[in-house]
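# Examination of the molecular architecture
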Amino acid sequence: MRVLADRIRGVERRVRYLGLGLVVLAAGFLLTGRWQLALGVAVGALLGWVLTEPVRITWAVFVIAFAVPVTIDVGYPTNPSYALLLVLFLLAAWGRVLRAERDGWPPKALAAALVLPACAVLAGLVHWHGVKPIAVGVAPLLCFGVLAWHLAEEARHDRRTVRRIAEALTWFSVAVAVFAKYQTASRSWPIFDQFAYDWTYTSAFDATRAVGLSGHPIIYGTFTMAMVLVALTLRGRFWYVPVTANLVGLVLSGTRSAWVGTLLALGFWLFLQWRKVSWRGLGTAAAIAVVTWTLVAVSLPALRPDTTAAAPTPGAAPPGAAAPAASSAAAAPESPAATPSPATPSPATPSPATPSPAAPAPPAASSVAPEPSTPTPAAPTASTVDSVDVAGSRISDPASADARFTRMSVVWDGITSDWSTVVFGNGPEANVRFLENVGIGDGQAQVFDNTYLTFWYNFGLIGLACLLALLVLLYRHLRSLPARLLLVGFAAQIFFFDVWLWLGAVAVLLLAVALGAADNPSLSARALPVPRRRQPGAEAAAPAAAGPR
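All figures in this text were calculated on a predicted structure; none of them were measured in a lab.

## Observations regarding helix α12 (residues 240-253)
End to end, α12 covers 20 Å across 14 residues, agreeing with the expected 20 Å (1.5 Å per residue, within 8%). Of all 14 residues in α12, 10 are buried; the element is thus mostly enclosed. Where α12 is concerned, the buried positions are P242, V243, T244, A245, N246, V248, G249, L250, L252 and S253. A positive backbone phi angle near 65 degrees is found at G254, which sits one or two residues after α12.

Shown next, in the form of structure tokens:
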């Protein structure tokens, strides 16, 4: 207590008065029932405290990206994804300003941060549709470029902080995995069922899959994939606990794209480590597999759903949500009905993967055939509690693969319509314009479900080549094993969904950049100064050479 009192007395008087005033203001808003304004005051004060120190900014970037869901709207002035993107951009930009004197503005880091936004601007100029689509298409790419630049610079100067953040995230993910197990056992998504701004982000959509803190099973699957790889390679104390917990969460999420990414990354890890394989390691792997299967299969009777209660109807949207129009959103969440879109959604159908404040009205002219009304999910029964069977059904279901092949064909036709669309694409937000006015009449959500093809469709072969080149160059320069495994998993998974407006998914790439830069100071333009080693007799000879003065 005495130490805390000394710290408080050491703070400037003006800061203490400011803090006291903010506390009184927040309390006043709470007493008058304006909880959103009180929350805004608290968040603003917290961000002000974070902005005073670049190390806090680094922590805040990952906390916001991984722990704040974009499926809940607490009163943001715009789409939650864009609102949080703006916060992250301001944090990273201010962090670079604070470090400008120390680090300068390295040209290579700036070029890497701006190459993808430049491709988007070029595509927008060739196929002009106004300034707004360019701004909306460039904003996420610019934000993530600046974030990667900031994290790389901070990591190469402070390796311990980045590794400490990564280890803290793995233990944080254990708590999230416990929450995910509760979600699948109780067949409900607490918090998201009450505050999600669209019913497709609630358990009414698919209560058989866990969403963790993301509000969407695909994004939670991406998070568990990353945490498995980080815990496995960093090998902190009791590393097998987060590995097992996140493997459980990975299975419960039912996210096949994350399963593919994890298997490819683990296969790559085994290829690199095959000389170190031992009987002890094989025994540990077998034990982790058995415990994972047991935790997935177990279901506490007290948490099983009440089979006599009526199931929630999709028409009953949560507070602040728009009532869903007739759509195909009742498909399995990893089908294209649940895959994220890289742009502000505007199709007539509400998609559980595309963050949007509300589902807009259907367009006046559309070639999409009328779709049947959304079916009501059946009430949960005791037989639906078996998570092992649920995960097995995800492997055998061919509907998602068929829908993705359909989308590949549609996107390819748009890419190859003429030479300019092949080279320069159709322009920023072209996928949104297509899905608004034409659509894909297969009874699924209106998204392309492939980051690489969507990037090519919007920004052309030039943009796709720059994206692939960045991934390859990052893999080449990131010397650490955790970073390379994260890159392999991320690059594989984004083939199955559009990633750019899902902060929790892109944060996996940012974490890879930070961990790689921590082990490779030359990732940015300026290398860290290396202290010169003196010869054994140099220290004794130096005073003698100086002589008396």
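## Some thoughts on the pattern of salt bridges
One pass over the full model with this rule turns up three salt bridges. In this structure, E154 and R96 form a salt bridge, with 2.8 Å as the shortest nitrogen-oxygen distance. Taken as a pair, E154 in helix α8 (residues 131-157) and R96 in helix α5 (residues 80-98) lie far apart in primary sequence, 58 residues in all. Among the residues examined, E154 registers a relative accessible area of 5% and is labelled buried. The salt bridge partner of E153 is R156, with a shortest N-O separation of 3.0 Å. Pair noted here: E153 and R156 are both in helix α8, with a separation of three residues, about one helical turn. The exposure classification of E153 matches that of R156, with both residues buried.

## Digging into the packing of helix α11 (residues 217-234) against helix α21 (residues 503-518)
Here α11 crosses α21 at 20 degrees, and the two axes come no closer than 8 Å. As the angle between them shows, α11 and α21 are arranged roughly parallel. Relative to α21, the crossing made by α11 is left-handed. Between α11 and α21, the contacting residues are I219, T222, A226, M227 and V230 on the first element and G504, A505, V508, L511 and L515 on the second.

Reading the values: rules and limits
Residues numbered from 1 in each chain as written. Predicted model: local features only at pLDDT ≥ 70, side-chain atom pairs only at ≥ 80, totals over all residues. Heavy atoms only, no water. Helix = DSSP H or I, 4+ residues; strand = E, 2+ residues; numbered from the N terminus. Expected span 1.5 Å × (residues − 1). Buried < 20%, exposed > 50% of the residue type's maximum accessible area, 1.4 Å probe, protein only. Salt bridge = Lys/Arg side-chain N within 4 Å of Asp/Glu carboxyl O. Axes fitted to C-alpha atoms, helices over the stretch in contact; angles between N-to-C directions. Parallel < 35°, antiparallel > 145°, perpendicular 65-115°, else oblique. Left-handed = near helix turned anticlockwise from the far one by under 90°. Contact = heavy atoms within 4.5 Å.

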